[in-house]
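Descriptive analysis of the structure
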Amino acid sequence: MSLGFSIKEGLKGFGRARMATFITITSVVLALIMIGLFILLAINIDHWVGEKRRHLQVEVFLEPAFTDLQAQKIVAKLKKLPEVQSVQYISQQEAAERFKKEFGRDVREVLGTNPLPPSCIVRMKPAYQNAQAIARLSQIIRTWDGVSDVVYGQSLLKIIDRYVTLVYLIIIGLGLLLLVVATVLIHNSVRLIIYARHEIIEIMKLVGATRAFIRRPFLVEGILYGFIGGAIADLVIWILVRVFQNWVYAGIIQNWQSYAIVLGLGILIGFISSEMSVNKHLNRLI
Amino acid sequence: MIEFYNVSLNIDGKKILQNVSFRLFKGEFAYIVGPSGAGKSTILKLIYMDIFPDQGMVIVNNYSSAKIRRHEIPYLRRELGVVFQDFKLLPDRNVYENVAFALRATGGKPREIRHRVVRMLNEVNLSQQRSMLPEKISGGEKQRVAIARAIINDPFIVLADEPTGNLDARTSREIMEIFERINRKGTAILMATHDQSLIEQYPHRVIKIEEGRIVSE
Ligand SMILES: Nc1ncnc2c1ncn2[C@@H]1O[C@H](COP(=O)(O)OP(=O)(O)O)[C@@H](O)[C@H]1O
Ligand SMILES: [Mg+2]
């Protein structure tokens, strides 16, 4: 059997019911835009959380009287810990320099002495970039001789850890919901189109066209809806991201995969929904 | 060959057909006659297996209503031609395409399609109107398009459900002449009608049906 016939009939049907076509594509585009923006939101949240985690650091303050040599022992000890990725030693002088850079005044001139203690900035390995691991490690380090205090961004950590799973679940849930909405929309439109074309289906049945043959034009049509809907949605998302970058926040990140996903989902829901409605309604006709 | 063995059919508890039995032989021409609502269209639907009997059996060539599988039905229908009172043409394509549709929808090869469509249009005297849309041609011409479409797959029988129901007497005779010609070439015809004068002008076997029963042969 010729695929040419299916494609030709599919395209013909596509051009024929203009209003139904317009409504279907519009609704698919809207659903896919929302899905696409959700994917971008998810990517950005994920990126943001990752950045925050990566920059998590534990500051270990040493006794002010420590010599560099004594401090180096602590550094070596810290480096041996399995959770630790890197350790940066900041001497008293460096601490003063940093203070000056940050606040514009030299603490040594103001006070006549340097009260800033030497410290170590400890970064965690990725697997330990969470509140629990950091708290546990801090507990241990705090008991060491020569360590006066251990400080880290406790509250932010806790917030991230508490809500991140929830946020992801919400995003996935809403994404799935949107997917279902888009499928129902195409499904509904294909159903309308099938009813509008019951004449041609009836005649195809009469002259002995097989079911597969009768279905194919509708599948072509459904896939076309999904593809066009996906392409338009991608374009709109791209423009929205551009506008957002220019006017609101330049640091928003995006990747081509999210655009491919939107297009792929469009085609997939186009196929699935027309498959479902063709199956359901072919039996009822005539 | 078509055989009805004690066919009964109920729809929503209503008896549509009761114990209908008859045989139709190769190349035969027969009428199914009876008042409207008697069950004429139902009998034709049973033959092209759009519906199935509750009791009894319908046999069409090598297919039996008791055994046929859903995927076999299209192939059964390729051995039949069906024509209706309301023509059932596709309004968006011309005469040629309407006839060609039967071959395209069953996967005919383009070259063969052209060849056979031209021949069919000649057969029903529609060569001049080949590129006209259905809305531009008369009722008689529409029915001729439908007939050309019905016979293009070389069916062994043409089922016609009140094919002259929408046509005046003169046009009806034109259509009947075409059926006669088709029949003379060996194709069986089973025509549902309640036009008594046509039956008198073109006498053939009559199967008379009332309230779902065959009352005389
Ligand atoms: N789909 C259906 N549902 C319910 N009743 C039907 C259906 N099709 C036909 N009938 C009934 O079956 C009877 C026979 O119908 P039909 O075969 O169309 O009669 P005819 O063609 O002789 O006028 C009628 O009483 C009609 O109302
Ligand atoms: Mg009838």
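The structure presented is a predicted model; accordingly, all values stated were derived computationally and were not measured.

Let's shift gears to the interface of chain A and chain B. Counting from both sides, the interface comprises 20 residues of chain A and, opposite them, 23 residues of chain B. Between chain A and chain B, the buried area comes to about 1,800 Å², and carbon and sulfur atoms account for 62% of it. Interface area lost by chain A to chain B is led by I203(A), L206(A) and V207(A), which between them contribute 34%. Across the contact surface, chain A and chain B share one salt bridge.

Turning our attention to the packing of aromatic side chains. By the definition in use, this model includes four aromatic pairs over all chains. With a centroid separation of 4.6 Å and 20 degrees between ring planes, the pair formed by F4(B) and F22(B) is classed as stacked. Of this pair, F4(B) sits in strand β1 (residues 2-11) while F22(B) sits in strand β2 (residues 14-24), placing them 18 residues apart in sequence. By relative accessible area, F22(B) is classed as buried at 4%. Relative to Y31(B), the ring of F29(B) lies with its centre 5.5 Å away and its plane at 50 degrees, an arrangement referred to as tilted. Grouping residues by exposure puts F29(B) and Y31(B) together as buried. Sitting over the ring of W144(A), K77(A) keeps its end group 4.3 Å from the ring centre. Looking at K88(B), its charged tip hangs above the ring of F84(B), at a distance of 4.8 Å from the centre.

Pairing is antiparallel in the open sheet, where four strands are placed in the order β2-β1-β4-β5 (chain B). Only two strands of the sheet have a single partner each, and these edge strands are β2 and β5 (63-64) of chain B.

Residues and elements named next belong to chain B. By the assigned domains, chain B splits into domain 1 (1-79 + 157-217) and domain 2 (87-154). On a C-alpha basis, the centroid separation for the pair domain 1 and domain 2 is 23 Å. Taken together, the 13 residues of domain 1 in the interface contact eleven residues of domain 2. For the pair domain 1 and domain 2, the two sides together bury roughly 1,100 Å², of which 64% comes from carbon and sulfur. One can count two salt bridges joining domain 1 with domain 2. For the pair domain 1 and domain 2, the number of links is four residue pairs in polar contact (both at pLDDT 80 or more).

What counts and how
Throughout this document, residue positions are counted from 1 along each chain, in the order its sequence is written. All chains are assigned letters beginning at A, and all ligands numbers beginning at 1, according to the order in which they are written. pLDDT decides what is reported in this predicted model: residues at 70 or higher carry local features, side-chain atom pairs at 80 or more are listed and counted, and totals for whole chains, interfaces and linings draw on all residues regardless. By convention in this description, side-chain values take in all heavy atoms of the structure and omit both hydrogens and water. Should any heavy atoms of two residues lie within 4.5 Å, those residues are considered in contact. Values labelled buried area give the accessible surface lost by two parts on being combined, using a 1.4 Å probe and summing over both. For this document, the term salt bridge refers to a Lys or Arg side-chain nitrogen within 4 Å of an Asp or Glu carboxyl oxygen. The aromatic pairing rule takes the rings of Phe, Tyr and Trp, using the six-membered ring of Trp, and pairs them if the centres are within 6.5 Å, calling planes under 30 degrees apart stacked, those over 60 edge-to-face and the rest tilted. Secondary structure elements follow DSSP: runs of H or I no shorter than four residues count as helices, runs of E no shorter than two count as strands, and numbering proceeds from the N terminus. Exposure is judged per residue with a 1.4 Å probe applied to protein chains only, and the accessible area is read against the type maximum: over 50% gives exposed, under 20% gives buried, and values in between give partly exposed. Placement of a charge over a ring requires the Lys NZ or Arg CZ to be within 6 Å of the ring centre, with the centre-to-atom vector within 35 degrees of the ring normal. DSSP calls a pair of strands paired once it identifies at least 2 bridges connecting them. Throughout, the edges of the domains are those of an automatic or database domain assignment. Polar contacts, as used here, are pairs of N or O atoms within 3.5 Å; protein pairs need one atom able to donate a hydrogen and one able to accept it. Residues neighboring in sequence count only if both atoms are side-chain atoms.

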